[in-house]
Amino acid sequence: MAEDKNSGFNILSGDSTGGDGSYGVGMINLDNISPVIVDPQEETAYIEMEALHARSKIEKKVRFKPDKEPLVDPNLYWIVWVATQVGNEGPYIYGLGACEVQVSTEEGRRIKPGYKSMPEHVNNMDKSLKGKVIADHMDEKSKKILVKFLEEEHQELWENSRDEVKDALMK
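As the structure is a prediction and not an experimental result, all values here were calculated from the model. (Residues numbered from 1 in each chain as written. Predicted model: local features only at pLDDT ≥ 70, side-chain atom pairs only at ≥ 80, totals over all residues. Heavy atoms only, no water.)

Undergrad: In this structure, what is going on with unusual backbone geometry? I would like to understand it.
TA: For residues that are not glycine, phi is negative in most cases, and the peptide bond is trans in most cases. Of note, the phi angle at glutamate 43 is positive, near 55°, even though the residue is not glycine. As for its position among the elements, glutamate 43 is in the loop between β1 (33-39) and β2 (44-47). Of note in this structure, lysine 61 is not a glycine but carries a positive phi near 60°. Among the structural elements, lysine 61 can be located in the loop between β2 and β3 (62-65). (Helix = DSSP H or I, 4+ residues; strand = E, 2+ residues; numbered from the N terminus.)

Here it is, written out as structure tokens:
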């Protein structure tokens, strides 16, 4: 798999409204969030910023529906919304929200059917930005892949992360 040009986490600062209470107040600030795709089939994890706009590699040429029933032998993926902050020790994972995505493996279709819950994605992204950790519904294999990615590719971020984040992924 080709390396993504932007393989680092978003760690930015700044108030897009300049603090003046004008246009943009009440909008989610995505400066400090990065979507990590976990692919248990390929046993890989990677950052893909296109997922912020539902245009990641796994989401292209897929028609998503809110139910899993009609899917034929689907592949499971996770989009994990990882919120970061910078503390005294350096950057750390502040919150995360894992969201399930399934894509049918049936052959011969230009547009494949898939499952994802848009409300879950929006809510888990928002909760991760607020420091919540939502990963208990992830399977153990996917959690291990995510932890390995964080430990090997983003060691400082992982080491500095809150105990709540580590506990949720390693239990």
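Undergrad: Would you mind showing me how to read the confidence of the model for the protein here?
TA: Regions with low pLDDT carry predicted coordinates that are not meant to be interpreted in detail. Residues with a pLDDT of 70 or more make up 82% of the protein, whose mean pLDDT is 86. pLDDT under 50 marks residues 11-28. Its contacts with residues more than four places away, or in other chains, come to 18 contacts. (pLDDT = per-residue confidence, 0-100. Contact = heavy atoms within 4.5 Å.)

Undergrad: Any chance you could explain the environment of proline 74 here in plain terms?
TA: With respect to the element layout, proline 74 can be found in the loop between β3 and β4 (75-87). The exposure class assigned to proline 74 is partly exposed, which follows from its relative accessible area of 32%. Separated by 28 residues in the primary sequence, proline 74 and glutamine 102 place their C-alpha atoms 5.7 Å from one another. If near-sequence neighbours (up to four positions away) are discounted, proline 74 is found in contact with Gln102, Val103, Ser104 and Thr105. (Buried < 20%, exposed > 50% of the residue type's maximum accessible area, 1.4 Å probe, protein only.)

Undergrad: Hey, could you run me through the side chain of serine 104 in this one?
TA: Relative to the assigned elements, serine 104 resides in the loop between β5 (90-103) and β6 (112-115). At 3.3 Å, the side chain of serine 104 forms a polar contact with the backbone nitrogen of glutamate 106. With residues near it in sequence (within four places) discarded, serine 104 still touches Leu71, Val72, Pro74, Lys112 and Pro113. (Polar contact = N/O pair within 3.5 Å; in protein donor to acceptor, adjacent residues only side chain to side chain.)

Undergrad: I would appreciate a short explanation of a negative patch on the surface in the present structure.
TA: A contiguous patch of negative charge on the surface is contributed by Glu151, Glu152, Glu153, Glu156 and Glu159. Residue assignment for the negative patch shows that the elements contributing at least two residues are α2 (140-153) and α3 (155-160). The dominant element in the negative patch, judged by the number of residues it contributes, is α2, at three residues. Note on placement: glutamate 156 falls in helix α3. (Patch = residues over 30% accessible without salt bridge, like charges linked within 9 Å, V, L, I, M, F, W, Y side chains within 5 Å. Areas by Shrake-Rupley, 256 points an atom, 1.4 Å probe, with all protein chains shown as cover. Salt bridge = Lys/Arg side-chain N within 4 Å of Asp/Glu carboxyl O. Lys, Arg positive; Asp, Glu negative; His and termini not counted. Charge placed at Lys NZ, Arg CZ, Asp CG, Glu CD.)

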